[in-house]
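Given next are the chains, with one letter for each unit.
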Amino acid sequence: MTRDARIALACLDLTSLNDGDDAAAIDALCAKAQGPAGPPAALCVWPRFVAQARAALPASIRVAAVANFPDGALDSERALRETQAILAAGGDEVDLVLPWRALAAGNADSAAALVAQVRAACAACAGKTLKLIIESGELQSPELIRQACRIGLDAGVDFLKTSTGKTATGATPDAARAMLETIAGHARKDEVGFKASGGVRTVADAAIYIALAREMLGESAIGPKRLRFGASGLLADIESVLLQKGAGKPSVPGVY
């Protein structure tokens, strides 16, 4: 359990995407990210808070923000505008919602075009990461999940992410397995990561996805470059495991 807690912390995108978030809430989130157990991989916030978070955090903690969120509209202009605002404010990572309704309705080409445009915008800025949220809980079949994943893989995204956390069904082991299998079967399998988001609240929850990622992608994928957890409450359970057991800060080989 301690090892899984260390991995979960090193791979955590500590998240606050509440409708009522304000500057004080983001200050509190930034303080939480610099707690006694050690730092997460990143903070994930609304685009309007990127500059504030970036100024408050050390460079070792990345700043992510959401685009086309949470609805996943088929609106390339909006998605690009939000992405460019995130990058201009100093954001390191963009979590983009796939137009999953368009995909489910049979309009895969338009959904793919939006992802490709945002990917190009991120690629124009060195060192930026693009995660594609496929909203797996709203897609009605494993084949749609796999098709959504292939859109992202073919476009060159860096991570495939399960969910926005704003729908009834977040991450599930079945969806994660379909996503990881699709990554493992793609030509870019060694370049792309997986992010579980929505309902990951405990170290025991995270351990399920750590095991799946290890099984499907190998030990080299177990680190923040290829594995992430998007959560707001997970940190408390991680800290309860690490600090109560005196485990200290993360020191897992390959986890940095």
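Residues numbered from 1 in each chain as written. Predicted model: local features only at pLDDT ≥ 70, side-chain atom pairs only at ≥ 80, totals over all residues. Heavy atoms only, no water.

**Observations regarding the packing of aromatic side chains**
Argument step 1. On inspection of all chains with the given rule, the structure shows 2 aromatic pairs.
Argument step 2. With centroids separated by 6.4 Å and ring planes inclined at 35°, the aromatic side chains of Phe 194 and Tyr 209 adopt a geometry described as tilted. Here the residue Phe 194 occupies a position in strand E7 (residues 193–197), and Tyr 209 occupies one in helix H9 (residues 203–217), the gap between them amounting to 15 residues. When sorted by exposure, Phe 194 lands in the same class as Tyr 209, which is buried. (Phe/Tyr/Trp six-rings, centres within 6.5 Å; stacked < 30°, edge-to-face > 60°. Helix = DSSP H or I, 4+ residues; strand = E, 2+ residues; numbered from the N terminus. Buried < 20%, exposed > 50% of the residue type's maximum accessible area, 1.4 Å probe, protein only.)

**Quick notes on the pairing of E7**
Working note: regular strand, side chains alternate between the two faces of the sheet.
Argument step 1. In terms of residue burial, E7 counts as a mostly covered element, since 5 of its 5 residues are buried.
Argument step 2. Neither face of E7 is exposed, since Gly 193, Lys 195 and Ser 197 on one face and Phe 194 and Ala 196 on the opposite face are all buried.
Argument step 3. Looking at chain direction, strand E6 (residues 159–161) and E7 are connected through 3 bridges and run parallel. Across the sheet, the residue bridging to Phe 159 is Gly 193, located in E7. (Pairing = 2+ DSSP bridges.)

**Focus: the sheet that holds E6**
Argument step 1. If you walk around this closed barrel you meet the 8 strands as E1-E2-E3-E4-E5-E6-E7-E8, and the pairing is parallel. Neighbour to neighbour, the strand axes of the sheet diverge by 25° on average, direction disregarded.
Argument step 2. For strand E1 (residues 12–15) and strand E8 (residues 227–231), the ladder comprises 3 bridges, and the chain directions are parallel. Counterpart to Leu 14 in the pairing with E8 is Ala 231.
Argument step 3. Contacts from helix H2 (residues 23–32) reach E1 and strand E2 (42–45) within the one sheet, and its direction differs from that of E2 by about 165°.
Argument step 4. Relative to strand E3 (residues 62–67), helix H4 (residues 76–88) is tilted by about 165°, and along the sheet it contacts E3 and strand E4 (93–97). (Axes fitted to C-alpha atoms, helices over the stretch in contact; angles between N-to-C directions. Contact = heavy atoms within 4.5 Å.)

**A look at the pattern of salt bridges**
Where charged atoms of side chains with opposite charge meet at close range, the side chains can pair.
Argument step 1. Tallied over the full model, the rule gives 19 salt bridges.
Argument step 2. Residues Glu 215 and Arg 177 are paired through a salt bridge, measuring 3.1 Å at the closest nitrogen-oxygen approach. A residue pair is termed long-range when its members are at least 10 positions apart, and Glu 215 in helix H9 and Arg 177 in helix H8 (residues 173–184) qualify at 38 residues.
Argument step 3. The class for Arg 177 is partly exposed, based on a relative accessible area of 29%. (Salt bridge = Lys/Arg side-chain N within 4 Å of Asp/Glu carboxyl O.)

Everything listed is a geometric property; what it means functionally is a separate question.
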